[in-house]
Amino acid sequence: MRKMGDHWAAIGTSLGSIMVLYKMIEHFFPYGFLHTHVEKYTQRILRCTNLYVQISIDEYTGELIDQKNQSYTFTEAYLNATALKHAMQLTACTAKNSEKLVLNMVDYEMTITDEFHGAKFYWMLTSTNEFGKPRKVDNDRSLTVTFHKRNRKLVMDMYLDHVMEKGRELLERNQQRKLYTNNSRDDWYKQEMWSHVIHNHPATFDNLAMDMAKKEDIIKDLTAFSKAKDYYAKIGKAWKRGYLLFGPPGTGKSTMIAAISKFLNYDIYDLELKSVRGGNSELRKLLLDTSDRSIIVIEDIDCSIELTNKRKKKKIRSRDQEMWADHRHGEMVVTLSVLLNFIDGLWSSTGGERLIIFTTNHVEKLDPALIRRGRMDKLIELGYCSFDGFKILAKNYLNIDDHSLFETIRCLISETQITPADVAENLMPKSVNGDDYSEVCLGNLICALEKLKEDT
Ligand SMILES: Nc1ncnc2c1ncn2[C@@H]1O[C@H](COP(=O)(O)OP(=O)(O)OP(=O)(O)O)[C@@H](O)[C@H]1O
């Protein structure tokens, strides 16, 4: 006698075959009577067996017509990768925001059998609405997975998360990062809240000049944060982390943000607070419009934020006024304390995986209570050029590795207050007339350092 498991396997295979057959018929007879009936009866057979569960992921969700469902995009990427191994017909196109060529399946190939922890999953691409609901857009599609009801828990607990995670990883591999800047609210009617450019900054942690131990500590912290989804869920806190980068001009604060963005593969939202003139509601809209896995940067907080943190004496009529004190020539100025409270409150209830980076050249101006642990999770000082930093810059610009030369410069650097930007400026090859770059540029650097030494 055949075992029970064999029966299920046989039923599973048959249903898989029905779906494959149905999709082939749909391809060859895309419209009309046959198409409608084949689809209707396929769905009916699946439901009548009462053993199989279906979950559909629509391409578009929400009230807005153009609101694409991210889950659909991730699932599509995952299924494409899964099915590419077997598909007979492929299309090629460049990925969004990238120059890489990506292979996709032709729609009718989208009947895919996937396996996970020994269970089978049958995926189909459907482009019509089974329940006859009006479609929001032309070409609206759904990805539907059919699985045996005994695997319901596996699907809810693990399989869907697995599909989303793998899909997202695949998409990110082909995508470039973006740098967003906020538009003034006056322009929102003609453009989006944020404008973006592709962010191709070449900075990485490898070519960032700084003390090695400090660099490793930052990398460790970022890695732990990006893997801490379960930790934040467990302690019931928003998945976010606040960094304060401080140091004199030209010590690499902006360069470090670019390196972090590349390391984590996050987009950057450069929030210019001075252009936010519409109080709480405008700030809330802007922050809510940022995507997960992003870095929100507020540069030079000492210039864009009211630092005194003193309440105004005049009577406060609304919460909006409490935050946006009406200072200096009628400008709305936000206080750092209120901004931090606002950010905390906002992300406790929505979204996740956001790094918030503040920068300042004048940390001494900030109220210590505002930068205590918990408000800012990590304070990173970027200082004058260290010997480690110099070696990295010399390697970046001149590709040299000369011990005795380094030793000479170590002495000079230790006695001067020179920023990595000054060092980079002097190391950068300036001549292309057959000169020896390293001599020319190191000569400049040594002159600059000696001059600095004399001056100080
Ligand atoms: N740590 C560093 N590693 C590599 N290059 C650096 C570093 N610091 C500065 N530079 C070089 O100096 C230039 C200016 O640095 P950057 O804009 O990152 O400094 P900053 O601290 O953000 O300055 P500011 O406070 O004036 O905005 C960079 O384009 C880069 O060429």
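See the structure above.
Quick caveat, the model's predicted, so the values are computed rather than measured. (Residues numbered from 1 in each chain as written. Predicted model: local features only at pLDDT ≥ 70, side-chain atom pairs only at ≥ 80, totals over all residues.)

Trainee: Lay out the overall build of the protein with the relevant residues and their values.
Mentor: Scanning the protein from N- to C-terminus turns up 15 helices and 16 strands. The buried share among the 456 residues of the protein stands at 27%. The contacts of the protein with a sequence gap of at least 6 include a subset with a gap of at least 24, amounting to 70%. (Helix = DSSP H or I, 4+ residues; strand = E, 2+ residues; numbered from the N terminus. Buried ≥ 20, exposed ≤ 12 C-beta atoms within 10 Å, placed from the backbone. Contact = placed C-beta atoms within 7 Å.)

Trainee: Describe the sheet that holds strand β7 (residues 178-182), listing the residues and the values that go with them.
Mentor: On the basis of which strands lie adjacent, the open sheet formed by 7 strands has the order β8-β7-β10-β11-β15-β9-β16 and mixed pairing. With one partner strand each, in any of the chains shown, β8 (194-198) and β16 (378-381) form the two edges of the open sheet. For this sheet, the mean inter-axis angle between neighbouring strands, taken without regard to orientation, is 20 degrees. Sheet topology note: the strand β9 (residues 240-246)/strand β15 (residues 354-360) ladder contains 7 bridges and is parallel. From the neighbouring strand, Arg241 faces β15, where its bridge partner is Leu355. (Pairing = 2+ DSSP bridges. Axes fitted to C-alpha atoms, helices over the stretch in contact; angles between N-to-C directions.)

Trainee: Outline the pairing of strand β5 (residues 119-126), listing residues and values.
Mentor: Pairing of strand β4 (residues 111-116) with β5 involves 6 bridges; the strand directions are antiparallel. Within β5, the residue paired with Asp114 across the bridge is Phe121. Hairpin connection from β4 to β5: 2 residues lie between these consecutive antiparallel strands, with His117 at a positive phi of about 50 degrees. Direction of pairing for β5 relative to strand β6 (residues 142-148): antiparallel, over a ladder of 5 bridges. Directly across from Thr126, in β6, lies its bridge partner Ser142.

Trainee: Describe the sheet that holds β5, listing the residues and the values that go with them.
Mentor: Whenever strands of a sheet pair, they do so through backbone hydrogen bonds, lying parallel or antiparallel. Within the open sheet, the 4 strands sit side by side as β1-β6-β5-β4. Their pairing is antiparallel. The sheet terminates laterally at β1 (52-58) and β4, the two strands that pair on one side only. The sheet shows a mean angle of 25 degrees between the axes of neighbouring strands, taken without regard to direction. By the bridge criterion, 7 bridges tie β1 to β6 in an arrangement that is antiparallel. Its bridge partner being in β6, Ile57 is matched across the sheet by Leu143.

Trainee: If you had to explain helix α12 (residues 387-398) to someone new, which residues and values would you point to?
Mentor: Under the 1.5 Å per step criterion, the end-to-end length of α12 is 16 Å for 12 residues, consistent within 8% with the ideal 16 Å. Burial in α12 covers these residues: Gly389, Phe390, Ile392, Leu393, Ala394, Tyr397 and Leu398. Looking at the buried positions of α12, the neighbouring elements they touch are α13 (403-414), α14 (420-427) and α15 (437-455). Remark: Asn399 follows α12 within two positions and exhibits a positive phi of approximately 55 degrees. (Expected span 1.5 Å × (residues − 1).)

Trainee: Talk me through the nonpolar core; I want residue IDs and the actual numbers.
Mentor: Counting residues in each nonpolar core, the largest one holds 54 residues, and the members touching the most others are Ile257, Ile295, Val297, Ile357, Leu393, Val423 and Leu427. Per-element accounting of this core gives the leading share, 6 residues, to α12. In contact with Val297, other than residues within four places in its own chain, are Ile257, Ile268, Tyr269, Asp270, Leu271 and Ile357. Grouped together as the second largest cluster of nonpolar side chains are 17 residues, Tyr78, Leu79, Met124 and Val145 included. (Core = buried A, V, L, I, M, F, W, Y, C linked by C-beta atoms within 7 Å.)

Trainee: Tell me about the site of the ligand, and name the residues and values.
Mentor: Not every one of the 15 residues close to the ligand is listed here, only the nearest: Pro249, Gly252, Thr255, Pro420 and Ala421. Of all the secondary-structure elements, those providing two or more residues to the shell around the ligand are α7 (253-264) and α14. (Near = placed C-beta within 6 Å.)

Trainee: Lay out the packing of α14 against α15 in plain terms, naming residues and giving numbers.
Mentor: Relative to each other, α14 and α15 sit at 140 degrees, their axes nearing to 7 Å. It follows from the interaxial angle that α14 and α15 lie oblique. Residues Asp422, Val423, Asn426 and Leu427 of α14 touch α15, and the partners they reach there are Cys441, Asn444, Leu445 and Ala448. In terms of residue class, the contact of α14 with α15 is built from 5 nonpolar, 2 polar and 1 charged. (Parallel < 35°, antiparallel > 145°, perpendicular 65-115°, else oblique. Nonpolar A, V, L, I, M, F, W, Y, C, P; charged D, E, K, R; others polar.)

Trainee: Go over the pairing of β9 with me, naming the residues and quoting the values.
Mentor: In terms of residue burial, β9 counts as a mostly covered element, since 7 of its 7 residues are buried. Here β9 shows a buried face lined by Lys240, Gly242, Leu244 and Phe246 and a second buried face lined by Arg241, Tyr243 and Leu245.

Trainee: Kindly report on unusual backbone geometry, identifying the contributing residues and their values.
Mentor: In terms of backbone geometry, most residues other than glycine have negative phi values and most peptide bonds are trans. With phi around 60 degrees, Asn265 is a residue other than glycine that occupies positive phi space. Looking at where Asn265 falls in the secondary structure, it is placed in the loop between α7 and β10 (267-270). Overall, the presence of 14 C-beta atoms within 10 Å leaves Asn265 in the partly exposed class. Of note in the backbone geometry, Arg293 takes a positive phi value of approximately 55 degrees without being a glycine. With respect to the secondary-structure elements, Arg293 resides in the loop between α8 (279-288) and β11 (294-298).

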